[in-house]
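# Report on the structure
Listed below are the residues making up each chain.
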Amino acid sequence: MLLREADRTAVRKHFEDLAGPVSATVYSRQESPLVVPGRTPCQTCPTTEALLREVEGLSERFTVEIRDVDQAPDAARDAGIVRLPAIELTGAAKGRVRFLGLPDGHEFGSLITAATWVSGAPLTLSEDAAEQLSGLRRPVHVKVFTTPT
């Protein structure tokens, strides 16, 4: 197990707020005992897969699908996956949320919160933020970069 019992309890409690099902698609690469020219190994893919499988076991509304980019390159290409591991969350809410890399530390909390958002649960925004966002007239692609702390 990767998560402490206290973290597992907190995730279960947080997932009580899921308004509907959430699907996490993990784009990953299996380890190979061979060095394949042109193929970059993914050192954090096994840990990312194990973490998401553990989270999957905490709620019936959170499901995980693992897609190996070497076995299904078309699916990864069609989804625009260029870095591994990649986690794509989808649910009842419009749009999707994608995480690149192992969601560890503070990023793990962001992953759990994002799962609630994509489930269709109501967002809590300040009045100022809601007013600013109401002026958007077309879809927006937002990228947030973080570094491990």
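Before reading on, note that the structure itself is shown above.
Below: a short report on this structure.

## Considering the overall build of the protein chain
Summing up its helical and strand segments, the protein chain has 5 helices and 4 strands in all. Each helix and strand of the protein chain, placed in order from N terminus to C terminus, yields the pattern α-β-α-β-α-β-β-α-α. Of the contacts formed within the protein chain by residues at least 6 apart in sequence, a portion of 70% connects residues at least 24 apart. By element, 53% of the accessible surface of the protein chain is carried by carbon and sulfur atoms, the whole surface being about 10,200 Å².

## Some points on the nonpolar core
By size, the foremost hydrophobic cluster in this structure holds 22 residues, and its most contacted members are Phe15, Leu52, Val55, Phe62, Ile87, Leu89 and Phe108. Among the elements of the structure, helix H1 (5–15), strand S1 (22–28), helix H2 (45–56), strand S2 (62–68), strand S3 (86–90) and helix H4 (106–118) are those that each provide at least two residues to this core. When residues of this core are assigned to their parent elements, the largest contribution, 6 residues, is made by H4. If near-sequence neighbours (up to four positions away) are discounted, phenylalanine 108 is found in contact with Leu3, Val11, Leu51, Val55 and Pro103. Core analysis: the next-biggest nonpolar cluster, separate from the first, contains 6 residues, Ala76, Ala79, Ile81 and Ala86 among them.

## Brief notes about the packing of aromatic side chains
Working definition: an aromatic ring pair is given by the centre-to-centre distance plus the angle between the planes. Inspection of every chain in the model, using the stated rule, returns 1 aromatic pair. Their ring planes at 25° and their centres at 5.3 Å tell us that phenylalanine 15 and phenylalanine 62 sit as a pair that is stacked. Remark: phenylalanine 62 occurs in strand S2 and phenylalanine 15 occurs in helix H1; sequence separation between them is 47 residues.

## As for the pairing of S1
Judged by how many residues are buried, S1 sits mostly within the fold: 6 of 7 residues are covered. Where S1 meets S2, 7 bridges bridge the pair, whose relative direction is parallel. The residue bridging serine 23 from the neighbouring strand is threonine 63, located in S2. Since S1 and S2 lie parallel, the crossover through H2 that links them has a hand, and here it is right-handed. Where S1 and S3 come together, 5 bridges link them in antiparallel fashion. The residue of S3 that forms the bridge with serine 23 is threonine 90.

## Topic: the environment of glycine 135
Mapped onto the fold, glycine 135 is located in the segment after helix H5 (127–134). For the pair glycine 135 and valine 118, spaced 17 residues apart in the sequence, the C-alpha separation amounts to 21 Å.

## As for the sheet that holds strand S4 (residues 97–100)
Ordered in space as S2-S1-S3-S4, the 4 strands form an open sheet in which the pairing is mixed. Looking at strand neighbours, the two that pair on one side only are S2 and S4, the edges of this open sheet. Going from strand to strand, the sheet's axes swing by 20° on average, the running direction of each strand aside.

Cut-offs and rules
- Residues numbered from 1 in each chain as written.
- Predicted model: local features only at pLDDT ≥ 70, side-chain atom pairs only at ≥ 80, totals over all residues.
- Heavy atoms only, no water.
- Helix = DSSP H or I, 4+ residues; strand = E, 2+ residues; numbered from the N terminus.
- Contact = heavy atoms within 4.5 Å.
- Areas by Shrake-Rupley, 256 points an atom, 1.4 Å probe, with all protein chains shown as cover.
- Core = buried A, V, L, I, M, F, W, Y, C linked by side-chain atoms within 4.5 Å.
- Buried < 20%, exposed > 50% of the residue type's maximum accessible area, 1.4 Å probe, protein only.
- Phe/Tyr/Trp six-rings, centres within 6.5 Å; stacked < 30°, edge-to-face > 60°.
- Pairing = 2+ DSSP bridges.
- Right-handed = clockwise from strand over helix to strand, strands pointing away.
- Axes fitted to C-alpha atoms, helices over the stretch in contact; angles between N-to-C directions.

Remember that the coordinates give geometry; whether it matters functionally is a separate question.
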